[in-house]
Amino acid sequence: MTTHSLDALARELIADAATRPERRSIGALAKAGRLTQLGLGFTAGGILPDHENPGDATLLVLRGEVRLSWGDEHWDGGPGDLCVIPQERHELLARTDAFCLLSFVRREREPGS
């Protein structure tokens, strides 16, 4: 069994994000079959730029405040807030220093792709 301290990971990733120009740091937590869980650490203003959704995904904010944007819409989240990420291109902006848990299940590949 693998376990993690999310508090320790949050401190580590936010500190690491402070050393990076993009102001973000990503740490792998778990992978089981098609399920992946990642810790996302940001300093204020850090961004995960516009990208495709790899599959069914949720974002749980554990520290700070973030904004998830897609198309003309957005969702603002704070500690304890959970969002099902829309199935379209999106970006994530940290409005303050923040730590989130991203969970996703990759889509199965089409035969021949």
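The coordinates are above.
For clarity, every value in this text was computed on a predicted model and none was experimentally measured. Sequence positions are assigned chain by chain, starting from 1 and proceeding in written order. Per-residue local features of the predicted model are confined to residues with pLDDT of at least 70, and side-chain atom pairs are confined, for both listing and counting, to 80 or more; whole-chain, interface and lining totals are unaffected and use all residues. The side-chain values count all of the structure's non-hydrogen atoms but skip hydrogen atoms and water molecules.

J.: Any chance you could break down the overall build of the protein for me, citing the residues and the numbers?
T.: When helices and strands are tallied, the protein shows one helix and nine strands. Here a strand is any run of E in DSSP of at least two residues, a helix any run of H or I of at least four, and the numbering for each starts at the N terminus. Secondary structure elements of the protein occur, N-terminal to C-terminal, as α-β-β-β-β-β-β-β-β-β. Throughout, radius of gyration means the C-alpha value; the globule benchmark is 2.2 Å times the number of residues raised to the power 0.38. Over its C-alpha trace the protein gives a radius of gyration of 14 Å, about what one expects of a compact globule, namely 13 Å for 113 residues. Projected onto the principal axes, the alpha-carbon positions of the protein cover approximately 40 × 40 × 25 Å. For each residue, the accessible area found with a 1.4 Å probe, counting protein chains only, is set against the maximum for its type, and the residue is called buried under 20%, exposed over 50%, and partly exposed in between. Evaluated residue by residue, the protein yields a buried proportion of 37% over its 113 residues. Note on definitions: a residue-residue contact is assigned when non-hydrogen atoms from the two residues lie within 4.5 Å. Across the protein, contacts joining residues at least 24 apart in sequence account for 65% of those joining residues at least 6 apart. Residue-level accessible areas treat just the shown protein chains as cover; the underlying method is Shrake-Rupley with a 1.4 Å probe. Accessible surface, the protein: about 6,700 Å² in total, of which carbon and sulfur atoms supply 51%. Of the side-chain charges in the protein, 13 are positive and 17 negative, and the distance between the mean point of each set is 5 Å. Only four residue types enter the tally: Lys and Arg on the positive side, Asp and Glu on the negative side; His and the chain ends are excluded. Where a charge lies is defined by one atom per residue type: Lys uses NZ, Arg uses CZ, Asp uses CG and Glu uses CD.

J.: Could you give an account of the sheet that holds strand β9 (residues 98-106), naming the residues involved and the relevant values?
T.: Pairs of strands are assigned from DSSP output, requiring at least two bridges between the strands. Within the open sheet, the five strands sit side by side as β1-β2-β9-β4-β7. Their pairing is antiparallel. Both edges of this open sheet fall to β1 (24-32) and β7 (82-84), since each of them pairs with a single strand only. For this sheet the average axis-to-axis angle between neighbouring strands, irrespective of direction, equals 20 degrees. Looking at chain direction, strand β4 (residues 55-63) and β7 are connected through three bridges and run antiparallel. Within β7, the residue paired with Leu-60 across the bridge is Leu-82. Axis lines are fitted through C-alpha atoms, for helices just across the contact stretch, and the angle between N-to-C directions can take any value from 0 to 180 degrees.

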